[in-house]
Number of protein chains: 2
Amino acid sequence: MNDESSRELRHRERMQRKKAVVDQAIARADVDRGVLLVLTGNGKGKSSSAFGMLARALGHGMQVGVVQFIKGSYSTGEEAFFRRFPEVSYHVMGEGFTWETQDRERDVQAAQAAWAQARALLRDERVSLVVLDELNIALKYGYIALEEVLEALQQRPAMQHAVVTGRGAPAALIEIADTVTEMQVVKHAFKAGVRAQKGVEL
Amino acid sequence: MNDESSRELRHRERMQRKKAVVDQAIARADVDRGVLLVLTGNGKGKSSSAFGMLARALGHGMQVGVVQFIKGSYSTGEEAFFRRFPEVSYHVMGEGFTWETQDRERDVQAAQAAWAQARALLRDERVSLVVLDELNIALKYGYIALEEVLEALQQRPAMQHAVVTGRGAPAALIEIADTVTEMQVVKHAFKAGVRAQKGVEL
């Protein structure tokens, strides 16, 4: 047997073993239900990942909802884009980042108003995916009560998916979530002097 | 001074300090250029994050390109969705996961054909964002030469953004990247018996 064909053979054997493992795992996972995802950590990709899932859901003809907490004083590419679609219910909290306003009372009111929108989406069976972007930040500052959020998430429709993003997800939220990813910074262009770029961060 | 107003004051002071730090960092970051992002690690969110950036870029009216390596034997929500837009050049490698085909020679040919599409996008100044989804897997199996990929990424147009996803990003790719996120699994619904869900994974 020459080198090339023995390489092919080893490859086939390795892939057969891998396929067996993957097939077994897939056979074990046979439940369909709405999942709660939490995307946290300091790395880039939390919000953009939530918006990628929104695109996937739209590809399947689903109705979706978005509430952006904290962010919102500048218009972003995702907002401009997703507002085009009638299947998307899009809500942005009226104020900017909390260190821009420096006014706790105003921030609390804005967060509560955004949370009221979120609650309505989390009760609506027609909505297949709800994105709660940067909700973790509003929780961290105590603008919204954690217990209320946990309850609303747990009582949402059985087939509805929910995605919560933001640094510093509370332990109790991680506890009730189905899928949790911690996004870690390996490096970031911003540190090298590159400002936020359209199509990447904006 | 009562408790409430002293709380407000502390909040304002903390936020003023934070704003000073953030403003300073923003002032230091004044470069505009195309960035190379690598999204790696075992956690959920790598590909969806790349697709979220695609949505952002479309929100800014940019032309974008996608090449999906390895995946592609089943149609996904993102593909159904993004193929709707004339601003998106979408290419999917013809074969499924490598452990499905079990045929190295066929996989190499499919990967090379996909890479040819990627190279063309990476030379096209009109394309503002190029997503190379699961390219790291094709590199890991040696289907495409790493040196060729590094060279094409480094020689791309100065204002073009590129996003490479997939587990196990090679060290040399991380080295030349501007922004790198490692997505770590904290937990995953799949392990609890929930299969891949439309709008989330599919």
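Since we're looking at a predicted model, the values are computed, not measured.

Here's the deal with the relation of the copies chain B and chain A
Piece 1. Take chain B, turn it by 180°, move it 0.0 Å along the axis, and it overlays chain A with an RMSD of 0.0 Å. Look at the turn and shift together and you get a two-fold axis relating the two.
Piece 2. Interface overlap between copies: 100% of the residues of chain B at the interface are likewise at the interface in chain A, consistent with a symmetric, same-surface contact.

Concerning the environment of Ala120 of chain A
All names here are of chain A.
Piece 1. Structurally, the position occupied by Ala120 is in helix α5 (residues 104-122).
Piece 2. Owing to a relative accessible area of 44%, Ala120 belongs among the partly exposed residues under this scheme.
Piece 3. Distance in space between the C-alpha atoms of Ala120 and Gly65 is 9.9 Å, their sequence separation being 55 residues.

Quick look at the interface of chain B and chain A
Piece 1. Facing 83 residues of chain B, the contacting portion of chain A comprises 84 residues.
Piece 2. Of the roughly 7400 Å² buried between chain B and chain A, counting both surfaces, carbon and sulfur atoms make up 56%.
Piece 3. When the buried area of chain B at its contact with chain A is split by residue, Arg56, Gln102 and Lys187 of chain B rank highest and sum to 11% of it.
Piece 4. Salt-bridge contacts for Asp32 of chain B lead to Arg195 of chain A; the nearest nitrogen and oxygen are separated by 3.0 Å.
Piece 5. The interface formed by chain B and chain A contains 47 residue pairs in polar contact (both at pLDDT 80 or more).
Piece 6. Within the residue set of the side of chain B that touches chain A, elements represented by two or more residues are α1 (3-28), β1 (36-40), α2 (46-59), α3 (77-82), α4 (98-101), α5 (104-122), α8 (171-176) and β6 (179-187) of chain B.
Piece 7. At 14 residues, the largest contribution of residues to the side of chain B that touches chain A is made by α1 of chain B.
Piece 8. Classifying every residue of the side of chain B that touches chain A by side-chain character gives 35 nonpolar, 21 polar and 27 charged.
Piece 9. Note that strand β6 (residues 179-187) of chain A and β6 of chain B share seven bridges and pair antiparallel. Its bridge partner being in β6 of chain B, Thr181 of chain A is matched across the sheet by Val185 of chain B.

What to know about the nonpolar core
Piece 1. In terms of nonpolar packing, the biggest core is built from 50 residues, with Phe82 of chain A together with Phe82 of chain B touching the most fellow members.
Piece 2. What Phe82 of chain A contacts, discounting residues up to four positions off in sequence, is Phe51, Leu54, Ala55, Leu58, Val88 and Tyr90 of chain A together with Ala55 of chain B.

Structural notes on the sheet that holds β1 of chain B
Piece 1. Read across the open sheet, the 12 strands follow the order β3(A)-β2(A)-β4(A)-β5(A)-β1(A)-β6(A)-β6(B)-β1(B)-β5(B)-β4(B)-β2(B)-β3(B); overall the sheet is mixed. Edge strands, defined here as strands with exactly one partner in the open sheet, are β3 (88-92) of chain A together with β3 (88-92) of chain B. Across the sheet, the mean angle separating the axes of adjacent strands is 15° when strand polarity is ignored.
Piece 2. Where strand β4 (residues 127-133) of chain B meets strand β5 (residues 161-165) of chain B, four bridges bridge the pair, whose relative direction is parallel. Bridge pairing links Val131 of chain B to Val163 of chain B in β5 of chain B.

A closer look at the environment of Leu132 of chain A
Residues and elements named next belong to chain A.
Piece 1. Mapped onto the elements of the fold, Leu132 is located in strand β4 (residues 127-133).
Piece 2. Along the primary structure Leu132 and Met93 are separated by 39 residues, whereas in three dimensions their C-alpha atoms are 11 Å apart.
Piece 3. Setting aside its immediate chain neighbours within four residues, Leu132 contacts Val67, Phe69, Ala118, Leu122, Leu153, Val163, Val164 and Thr165.

As for the packing of aromatic side chains
Piece 1. Inspection of every chain in the model, using the stated rule, returns 12 aromatic pairs over all chains.
Piece 2. Consider the rings of Phe81 of chain B and Phe85 of chain B, whose centres lie 5.2 Å apart with planes at 70°: the pair is edge-to-face.
Piece 3. Classification of Phe81 of chain B by relative accessible area gives buried; the value is 0%.
Piece 4. Through a chain of ring-to-ring contacts, three or more aromatic side chains come together here, namely Phe51, Phe81, Phe82 and Phe85 of chain A together with Phe51, Phe81, Phe82 and Phe85 of chain B.
Piece 5. A cation sits over an aromatic face here: Lys140 of chain A above Tyr141 of chain A, 5.4 Å from the ring centre.

Procedures and definitions
- Residue positions are given per chain, counting from 1 as you read along its sequence in written order.
- Going through the entries in the order they are written, you letter the chains from A and number the ligands from 1.
- Whole-chain, interface and lining totals are the exception, using all residues; otherwise, since this is a predicted model, local features are given only for residues with pLDDT of at least 70 and side-chain atom pairs are given and counted only at 80 or more.
- Calculation of side-chain values draws on the structure's entire complement of heavy atoms; hydrogens and water are dropped beforehand.
- For the least-squares superposition of copies, only C-alpha atoms count, and only for residues with pLDDT at least 70 in both.
- Working rule for contacts: check all heavy atoms of both residues, and any pair within 4.5 Å makes them a contact.
- Counting from the N terminus, the helices are DSSP H or I runs at least four residues long and the strands are E runs at least two residues long.
- Only protein chains enter the calculation, and the probe is 1.4 Å; a residue is then buried if its accessible area is under 20% of its type maximum, exposed if over 50%, and partly exposed in between.
- The quantity reported as buried area is the accessible area (1.4 Å probe) lost by two parts once they are put together, taken as the sum for both.
- Any carboxyl oxygen of Asp or Glu that lies within 4 Å of a side-chain nitrogen of Lys or Arg is treated as forming a salt bridge with it.
- Polar contacts, as counted here, are pairs of nitrogen or oxygen atoms within 3.5 Å of one another; within protein the pair requires one atom able to donate a hydrogen and one able to accept it, and residues that are adjacent in sequence qualify only if both atoms are side-chain atoms.
- Residue polarity follows a fixed list, in which Ala, Val, Leu, Ile, Met, Phe, Trp, Tyr, Cys and Pro are nonpolar, Asp, Glu, Lys and Arg are charged, and the others, Gly among them, are polar.
- Pairing between two strands requires that DSSP report at least two bridges joining them.
- In these notes, a set of buried Ala, Val, Leu, Ile, Met, Phe, Trp, Tyr and Cys residues joined through side-chain atoms within 4.5 Å is what counts as a nonpolar core.
- The axes are straight lines fitted to the C-alpha atoms, using for helices just the contacting stretch, and the angles between their N-to-C directions are given from 0 to 180°.
- Stacked, tilted and edge-to-face are the three classes applied to pairs of Phe, Tyr and Trp rings, where Trp contributes its six-membered ring and a pair requires centres within 6.5 Å; stacked means planes under 30 degrees apart, edge-to-face means over 60, and tilted covers the rest.
- Whether a charge sits over a ring depends on NZ of Lys or CZ of Arg being within 6 Å of the ring centre and within 35 degrees of the ring normal.

No statement about biological role is implied by the geometric values presented.
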